Amino acid sequence: MKTAALITGLAVLAACGADGPPITPSVNTTVSVGSAGVQTSTGVTVRSGPVTVGASF
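From a predicted model like this one, the values you see are computed outputs, not experimental measurements.

Trainee: Outline the overall build of the protein chain, listing residues and values.
Mentor: The number of helices and strands found in the protein chain is 1 helix and 3 strands. Secondary structure elements of the protein chain, listed N to C terminal, follow the sequence α-β-β-β. Going through the 57 residues of the protein chain one by one, you find that 9% of them count as buried. Long-range pairs, those at least 24 residues apart, make up 16% of the contacts in the protein chain with a sequence separation of at least 6. A total accessible area of about 4,400 Å² is found for the protein chain, and carbon and sulfur atoms account for 61% of it.

This is the structure:
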């Protein structure tokens with residue numbers, strides 16, 4: 001969970017608009033419940049023009 005918070009914080013910091021207009025990051029979180037228990041996944045995507053950078057946990 002610390003890793004997800006760190007990368008989300010870095011994405012928000014990078015998108016703050018220090019050298020241009022702000023870029024809004026997109027965050028997706030999924031929670032699944034099944035026979036194996038509860039599973040979560042989180043993804044962060046930052047898009048600027050034709051460039052898209054994403055990470056999933």
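Additional details are given in the paragraphs that follow.
Trainee: Explain the sheet that holds strand S3 (residues 51–56) to me, using residue names and the numbers behind them.
Mentor: Ordered in space as S1-S2-S3, the 3 strands form an open sheet in which the pairing is antiparallel. Edge positions in the sheet fall to strand S1 (26–34) and S3, since each has one partner strand and no second. Along the sheet, successive strands turn relative to each other by an average axial angle of 15 degrees, direction set aside. Bridge analysis of S1 against strand S2 (residues 37–48) gives 9 bridges, and the strand direction is antiparallel.

Trainee: Residues and numbers for the environment of Pro-25, please.
Mentor: Inspection of the secondary structure assignment puts Pro-25 in the loop between helix H1 (2–14) and S1. Owing to a relative accessible area of 25%, Pro-25 belongs among the partly exposed residues under this scheme. On a C-alpha basis, the gap between Pro-25 and Thr-8 in space is 8.7 Å, while along the polypeptide they are 17 residues apart.

Reading the values: rules and limits
- Residues numbered from 1 in each chain as written.
- Predicted model: local features only at pLDDT ≥ 70, side-chain atom pairs only at ≥ 80, totals over all residues.
- Heavy atoms only, no water.
- Helix = DSSP H or I, 4+ residues; strand = E, 2+ residues; numbered from the N terminus.
- Buried < 20%, exposed > 50% of the residue type's maximum accessible area, 1.4 Å probe, protein only.
- Contact = heavy atoms within 4.5 Å.
- Areas by Shrake-Rupley, 256 points an atom, 1.4 Å probe, with all protein chains shown as cover.
- Pairing = 2+ DSSP bridges.
- Axes fitted to C-alpha atoms, helices over the stretch in contact; angles between N-to-C directions.

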